[in-house]
Amino acid sequence: MVPILKQGRYLIATIPTALTDADLERLRDGLVAQVGRCRSRGVIVDITALDVMDSFAVRTVRDIAHMTRLRERRGAVASARLPAAPRPERRAAVDLPDETSIPVRSDADVILARQKGRELAAALGFGPADLTFVATAISELTRNIVLYAKRGLIVLKRIEQNGNLGIMVVARDDGPGIPNVPRALESGFSTSGGLGLGLPGVRRLTDEFDIVSEVGRGTTVTVKKWTR
């Protein structure tokens, strides 16, 4: 549980490195409830330690701001920037397996998958920005499995092409499938009421993107990201 501190007329919540979607929702609801009880003038959400600002985290912060304003308080959300990590040395992934499979059954697996992906990408020599891109893409793909298919598999694999190292991520499920794949890849499209940044965002964040989906049979998304 994220502690909510009261500083004068303001509420402050510091999000730790990794929270599940359920944890973020509880934080949102707790902050909004306390705004009314404490007659707060504003809310500060510190995301400095958060490993990835994916679409769900962004939506949660946005909802906090929106719901706070609806209480007719002078609510505002201030978010700290993520600190830049030092650039890792380029090296082969000798201390990590070349391939890792992660069963996906709950939102806790979203955190595990992106952490494992970040570890592999760091071992391959990705820079700070690309590490964030990889982790965010994995987060979106894993969350799609939880949201739409309930269970599936994330496969992380070290790849090499013409001497260039990279990471391949395969998100596979046996869920309902996607009736209209081109539509699902349009920015802003969502069937869940969210921001619609999932698949379109993943495609923008990665170098290669492929999706195969059949209604009633499931979906497989394969993406690749190469070191520069």
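Source: prediction; values computed, not measured.

I tried to follow unusual backbone geometry on my own but got confused; where do I start?
Among all residues save glycine, negative phi is the norm, and among peptide bonds the norm is trans. Non-glycine residue Lys150 carries a positive phi angle of around 75°. By the element assignment, Lys150 lies in the loop between helix 4 (128-149) and strand 6 (152-161). We classify Lys150 as exposed; its relative accessible area is 54%. Positive phi is not limited to glycine here, since Asn162 has a value of about 55°. By the secondary structure assignment, Asn162 is in the loop between strand 6 and strand 7 (164-173).

Sorry if this is basic, but what is going on with the environment of Ala113 here?
Summarising the element assignment, Ala113 is placed in helix 3 (residues 108-124). Taking C-alpha positions, Ala113 is 8.9 Å from Val155, a pair spaced 42 residues apart along the chain. Non-local contacts of Ala113, meaning those with residues more than four positions away in its chain, are made with Ile102, Ile138, Thr142, Ile154 and Leu156.

Help me understand the pattern of salt bridges, please; the structure alone is not making it clear to me.
Side chains bearing opposite charge may pair, as long as their charged atoms lie close to each other. Applying the stated rule across the entire model yields 14 salt bridges. Note that Arg114 is salt-bridged to Asp54, the shortest N-O span being 3.6 Å. Residue Arg114 is located in helix 3, and its partner Asp54 is located in the loop between strand 3 (42-46) and helix 2 (55-70); the two are separated by 60 residues in the primary sequence. Judged by its relative accessible area of 4%, Arg114 falls in the buried class. Residue Asp54 is classed as buried on the basis of its relative accessible area of 2%. One network of salt bridges, in which partners are shared, links Asp21, Asp54, Arg114 and Arg143.

Could you clarify how one ought to interpret the sheet that holds strand 6 in this entry?
Spatially, 5-6-7-9-8 is the arrangement adopted by the five strands of the open sheet, whose pairing is antiparallel. With partners counted over all chains shown, the strands left at the sheet margins are strand 5 (99-104) and strand 8 (208-214), one partner each. Strand-to-strand, the axes of this sheet are offset by a mean angle of 15°, without reference to chain direction. In the sheet, strand 5 pairs with strand 6 via six bridges, with the strands oriented antiparallel. When the sheet's bridge partners are listed, Thr100 is paired in strand 6 with Leu156. Here helix 3 sits on the sheet in contact with strand 5, strand 6 and strand 7, set at roughly 5° to strand 6. Across the sheet, helix 6 (residues 198-205) lies against strand 8 and strand 9 (218-226), angled at about 150° from strand 8, the strand it touches most.

Looking at this model, I keep getting lost on helix 6. Mind explaining?
What sets the pattern is the α-helix's 3.6 residues per turn: residues three or four places apart point alike. Restricting attention to buried positions, one finds in helix 6 the residues Gly198, Leu199, Pro200, Gly201 and Val202. Contacts made by the buried residues of helix 6 are with helix 4, helix 5 (181-184), strand 8 and strand 9.

Analysis parameters
- Residues numbered from 1 in each chain as written.
- Predicted model: local features only at pLDDT ≥ 70, side-chain atom pairs only at ≥ 80, totals over all residues.
- Heavy atoms only, no water.
- Helix = DSSP H or I, 4+ residues; strand = E, 2+ residues; numbered from the N terminus.
- Buried < 20%, exposed > 50% of the residue type's maximum accessible area, 1.4 Å probe, protein only.
- Contact = heavy atoms within 4.5 Å.
- Salt bridge = Lys/Arg side-chain N within 4 Å of Asp/Glu carboxyl O.
- Pairing = 2+ DSSP bridges.
- Axes fitted to C-alpha atoms, helices over the stretch in contact; angles between N-to-C directions.

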